[in-house]
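Listed here are the chains, written in short residue letters.
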Amino acid sequence: MNTYENVTVFDHPLITHKLSILRDENTGSKQFRELVNEIAMLMGYEVMRDLPLEDVEIKTPITTATVKMLTGKKLALVPILRAGLGMLDGVLSLVPSAKIGHIGLYRDHETLEPREYYCKLPEDIAQRQVILLDPMLATGGSGCAAIDFIKARGCHNIKFVSILAAPEGIERMAKTHPDVHIYTGGVDEKLNEKGYIVPGLGDAGDRLFGTL
Ligand code: PRP
Ligand code: URA
């Protein structure tokens, strides 16, 4: 599923293996939360591969040295509530000084269209590189709406990181926001009539928070 230039489907065996455990209906909330965090951290490592470095002079205990440190745009991590919260700690452990925004959306069960209930982003979001987190990219409605909010605040430097995607969601996001790089741990077959990814892993928010 790499028909779009801006889509990365992870094929690392650790990510694939952990995703397979997530899919299993017998995996309970505790293990589900742990795995979502672990996968998010593994993905975050790759998502941030292109962060720029600059030369910095330091003193080691032995001598002075020119070393490389992160520079450039500061990061903002933005989980889409609720399920995106499950990915936050994993990515934050890699970049603890990143600022965090929250976008609250839920899908209307009838129309499958996203409904906004919360949006709080860092004041200087326009100057930041945003990593948007949501485990599920199904119809793409929620992800696209979240990107709209961020762009409306002047930020056009956005990456979208999901654990599992449907072809429909990738297509919608790639067409609506071709500037946003999409990362995902897998692309499944299709959506069912209720908008769930097939075979999928079920309702990510419910499985994370035990609200099944
Ligand atoms: C889930 C998921 C995404 C959305 C994906 O959230 O976390 O935000 O569905 O579906 P879409 O691509 O068709 O928009 P949900 O609406 O179930 O809310 P929740 O995280 O609060 O459970
Ligand atoms: N949201 C989920 O949590 N799961 C799906 O399969 C689709 C949307």
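Residues numbered from 1 in each chain as written. Chains lettered and ligands numbered in written order. Predicted model: local features only at pLDDT ≥ 70, side-chain atom pairs only at ≥ 80, totals over all residues. Heavy atoms only, no water.

(A) Expanded view of the side chain of Ser142. Tracing the sequence through the fold places Ser142 in helix H4 (residues 141-152). With residues near it in sequence (within four places) discarded, Ser142 still touches Ile80, Leu105, Arg107 and Pro114. (Helix = DSSP H or I, 4+ residues; strand = E, 2+ residues; numbered from the N terminus. Contact = heavy atoms within 4.5 Å.)

(B) The site of ligand 1, seen in detail. What surrounds ligand 1 is a group of 16 residues, the closest being Arg107, Asp134, Thr139, Gly140 and Ser142. In the model, an oxygen atom of ligand 1 is placed 2.7 Å from a nitrogen or oxygen of the Arg107 side chain. One of the backbone N or O atoms of Ala138 is found 2.9 Å from an oxygen atom in ligand 1. Its free accessible area being 500 Å², ligand 1 has 92% of it covered by the protein chains. Of the pockets mapped on this structure, ligand 1 occupies the largest pocket. Broken down by secondary-structure element, the contributors of at least two residues to the shell around ligand 1 are strand S6 (102-107), strand S9 (136-137) and H4. Per-element accounting of the shell around ligand 1 gives the leading share, three residues, to S6. (Near = heavy atom within 4 Å. Polar contact = N/O pair within 3.5 Å; in protein donor to acceptor, adjacent residues only side chain to side chain. Areas by Shrake-Rupley, 256 points an atom, 1.4 Å probe, with all protein chains shown as cover. 1 Å grid on protein atoms, 1.4 Å probe; cavity = no way out; pocket = protein on both sides within 12 Å on 5 of 7 lines; lining within 4 Å. Sits in = over half its atoms within 2 Å of the grid points.)

(C) Spatial organisation of the site of ligand 2. Taken together, the neighbourhood of ligand 2 is formed by Arg107, Met136, Ala138, Gly195, Tyr196, Ile197, Gly202, Asp203 and Ala204. One nitrogen or oxygen atom from the main chain of Gly202 is found 2.8 Å from a nitrogen atom belonging to ligand 2. Backbone polar atom of Ala204 to an oxygen atom of ligand 2: 2.8 Å apart, as the coordinates give it. A total of 230 Å² of accessible area belongs to ligand 2 in isolation, and the protein chains cover 88% of it. The pocket occupied by ligand 2, as judged from atoms lying within 2 Å of grid points, is the largest pocket. Within the shell around ligand 2, the residues separate by chemical class into five nonpolar, two polar and two charged. (Nonpolar A, V, L, I, M, F, W, Y, C, P; charged D, E, K, R; others polar.)

(D) Broad picture of the side chain of Thr139. Inspection of the secondary structure assignment puts Thr139 in the loop between S9 and H4. A polar side-chain atom of Thr139 sits 3.1 Å from the main-chain amide nitrogen of Gly141. Non-local contacts of Thr139, meaning those with residues more than four positions away in its chain, are made with Arg107, Leu112, Glu168, Gly169, Arg172 and Leu191.

(E) Fine view of the packing of H4 against helix H5 (residues 167-176). Packing of H4 against H5 brings their axes to within 9 Å, and their N-to-C directions diverge by 25 degrees. Judged by the angle between their axes, H4 and H5 are roughly parallel. In this structure, H4 meets H5 at a crossing whose hand is right-handed. Counting all contacts with H4, which are made through Gly141, Gly143, Cys144 and Ile147, the residues of H5 involved are Arg172, Met173 and Thr176. Per-class residue counts for the contact of H4 with H5 are three nonpolar, three polar and one charged. (Axes fitted to C-alpha atoms, helices over the stretch in contact; angles between N-to-C directions. Parallel < 35°, antiparallel > 145°, perpendicular 65-115°, else oblique. Left-handed = near helix turned anticlockwise from the far one by under 90°.)

(F) Fine view of the nonpolar core. Grouped together as the largest cluster of nonpolar side chains are 36 residues, with contacts concentrated most on Leu22, Leu77, Ile131, Val161, Ile163 and Leu201. At the level of elements, helix H1 (13-23), helix H2 (29-47), strand S4 (74-81), helix H3 (85-92), strand S8 (128-133) and helix H6 (204-209) are the ones that each hand at least two residues to this core. Residue contributions to this core peak at seven residues, all from H2. (Core = buried A, V, L, I, M, F, W, Y, C linked by side-chain atoms within 4.5 Å. Buried < 20%, exposed > 50% of the residue type's maximum accessible area, 1.4 Å probe, protein only.)

(G) Local environment of the state of the cysteines. Throughout the structure, instances matching the rule amount to zero disulfides. The cysteine Cys119 is free of any disulfide, with Cys155 supplying the nearest cysteine sulfur at 12 Å. With relative accessibility at 25%, the residue Cys119 sits in the partly exposed group. Take Cys155: its relative accessible area is 0%, and that puts it in the buried class. (Disulfide = S-S within 2.5 Å.)

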